Amino acid sequence: MTATIVKSTRLVILLTALILLLMLVSLMVGPAGLSPREAFSALVSGDGPAGIIVRDIRLPRTLLAALIGATLGLSGAALQGLLRNPLAEPALFGAPQAAAAAASFMIAFGFVSATSLAVPLAGIAGALVSIGGLVLIAGSRASLTVILLAGLALASFAGAVTALILNLAPNPFIALEVAFWLLGSLEDRSSDHLFIAVPFMVASWIVLFANARAFRALTLGEDAAASLGVDLVRTRLMVVVGVALGVGAAVAVAGSIGFVGLVAPHLVRRAVGSDPARVMLPGALVGAALLLAADIAVRTIPAAIELKVGVVTALIGVPFFLSMIFGERRELEGAPS
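To keep things clear, this report deals only with the structure shown in the data block. Just so we're clear, the structure is a prediction, and the values are computed from it rather than from any experiment. (Residues numbered from 1 in each chain as written. Predicted model: local features only at pLDDT ≥ 70, side-chain atom pairs only at ≥ 80, totals over all residues. Heavy atoms only, no water.)

1. Focus: the overall build of the protein
Condition: Helix and strand assignments follow DSSP, with helices taken as H or I runs no shorter than four residues and strands as E runs no shorter than two, numbered in order from the N terminus. Computation of the radius of gyration draws on C-alpha atoms, with the globule rule given as 2.2 Å multiplied by the number of residues to the power 0.38. The buried label goes to any residue with under 20% of its type's maximum accessible area, the exposed label to any with over 50%, and the partly exposed label to all in between, with areas taken from a 1.4 Å probe on protein chains only.
When its secondary structure is counted, the protein shows 14 helices and 0 strands. Overall, the protein shows an N-to-C arrangement of helices and strands of α-α-α-α-α-α-α-α-α-α-α-α-α-α. At 20 Å, the protein has a C-alpha radius of gyration in line with the 20 Å of a compact globule built from 337 residues. For the protein, the C-alpha atoms occupy an extent of roughly 60 × 50 × 35 Å along the three principal directions. Across the 337 residues in the protein, those meeting the buried criterion constitute 48%.

2. Quick notes on the pattern of salt bridges
Basically, it comes down to this: Every case where a carboxyl oxygen of Asp or Glu lies within 4 Å of a side-chain nitrogen of Lys or Arg is listed as a salt bridge.
Summed over all chains, the structure comprises 5 salt bridges. With a closest N to O distance of 2.9 Å, Arg61 and Asp295 form a salt bridge. Linking Arg61 in helix H3 (residues 48-83) with Asp295 in helix H13 (residues 276-300), this pair joins segments that are 234 residues apart in sequence. Both residues of the pair, Arg61 and Asp295, belong to the buried class. In this structure, Glu222 and Arg236 form a salt bridge, with 3.1 Å as the shortest nitrogen-oxygen distance.

3. A short note on the side chain of Ser75
Applicable threshold: Contact criterion: two residues are considered in contact whenever any of their non-hydrogen atoms come within 4.5 Å of each other.
In this structure, Ser75 sits in helix H3. For Ser75, a relative accessible area of 0% puts it in the buried group. Non-local contacts of Ser75, meaning those with residues more than four positions away in its chain, are made with Pro90, Leu208, Val243 and Val247.

4. Details of the packing of H3 against H13
The following threshold applies: The axes are straight lines fitted to the C-alpha atoms, using for helices just the contacting stretch, and the angles between their N-to-C directions are given from 0 to 180°. Two helices crossing with the near one rotated counterclockwise from the far one by less than a right angle form a left-handed crossing, whereas a clockwise rotation gives a right-handed crossing.
Where H3 meets H13, the closest approach of the two axes is 6 Å, and the angle between their N-to-C directions is 140 degrees. Viewed along their axes, H3 and H13 form a crossing whose handedness is right-handed.

5. Focus: helix H5 (residues 118-138)
Which entries qualify depends on this criterion: The span one expects for a helix is its residue count, reduced by one, times 1.5 Å.
Relative to the 30 Å expected for 21 residues at 1.5 Å per residue, H5 spans 30 Å between its end C-alpha atoms, a close match to the ideal helical length. If you check which residues of H5 are buried, you get Val119, Pro120, Ala122, Gly123, Ile124, Gly126, Ala127, Ser130, Ile131, Gly133, Leu134 and Ala138. At its buried positions, H5 is contacted by helix H4 (95-108), helix H6 (144-168), helix H7 (172-182), helix H8 (191-210) and helix H11 (232-254).

6. Some details on the nonpolar core
Note the threshold: As used here, the term nonpolar core means buried Ala, Val, Leu, Ile, Met, Phe, Trp, Tyr and Cys residues forming a set that is joined through side-chain atoms within 4.5 Å.
Judged by nonpolar contacts, the single largest core of 90 residues is most densely connected at Ile68, Ile257 and Met280. The element that contributes the greatest number of residues to this core is H13, accounting for 13 residues. Excluding its chain neighbours within four sequence positions, the residues that come into contact with Ile257 are Ile68, Leu72, Gly184, Leu291, Val309, Gly310 and Thr313. With 6 residues, the next largest nonpolar core counts Leu27, Met28, Leu34 and Val54 among its residues.

Following this line, the structure appears as structure tokens:
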């Protein structure tokens, strides 16, 4: 047990250092390339054109990438701990899809542009409505199966609404703008977007970390967890609310970014063990590092227009997911019958 704790601590320190390095690289990368010294000096002093580029343009984008990645990674780890299923990920309860539908409506019908502050506010409102709908449909004492079914129904409905919005958009160019926004991007995000999304993401972290002990107890089974004093109904609802708040805010600001919440916990599980509570913090840090790296990649890959970060995370996530499946299959085939 002590060796695992030491290994986990070292991993957290290494991941924190990696995130700080990636954040510095993120401040350097862009049409106006900066050296590490220039980027750090501009961040500290804020003088001249370099200061404007770093502090007003790149710093909010960098912070959003780290915070959104951490939120997705933590949400994935929490859901996998709650459901005791390594395939669980944040889209299960419909909040990302509802946030995307609400934001798409605002853009498609000309109420705001894709970079307006009204978009994240609408997206967060959509996620909160999704939470309320989930609780109303499933009931306050629903089983996990009922909650999952209600979440999948809401997710499907929100996806259908988004498709309907794209079909009914009065201007095909606006529909194209919505479609690009849905691919996920941190381009043109400002400190205002950061200030809107951060309170919801921090609230999400608090709720999810507060249930870490329950995740550990659930590894023994629901009956055993209940005998240890875990309120299963409260835990389920709190986790659903926590995931919806954080992921809803993330999607509302950056569009749909897939696979981070699914992949991040798996990257640390072998190092920290199977305890879901111990996976949460490293999973969040890996999520932050993944999204920072993806956002750096979209700014360095030559293209006529900037690639969408959601596309890059999917390109990274799908091969990893397939390799994980084949690895599990090899272990099963190699196990003695």
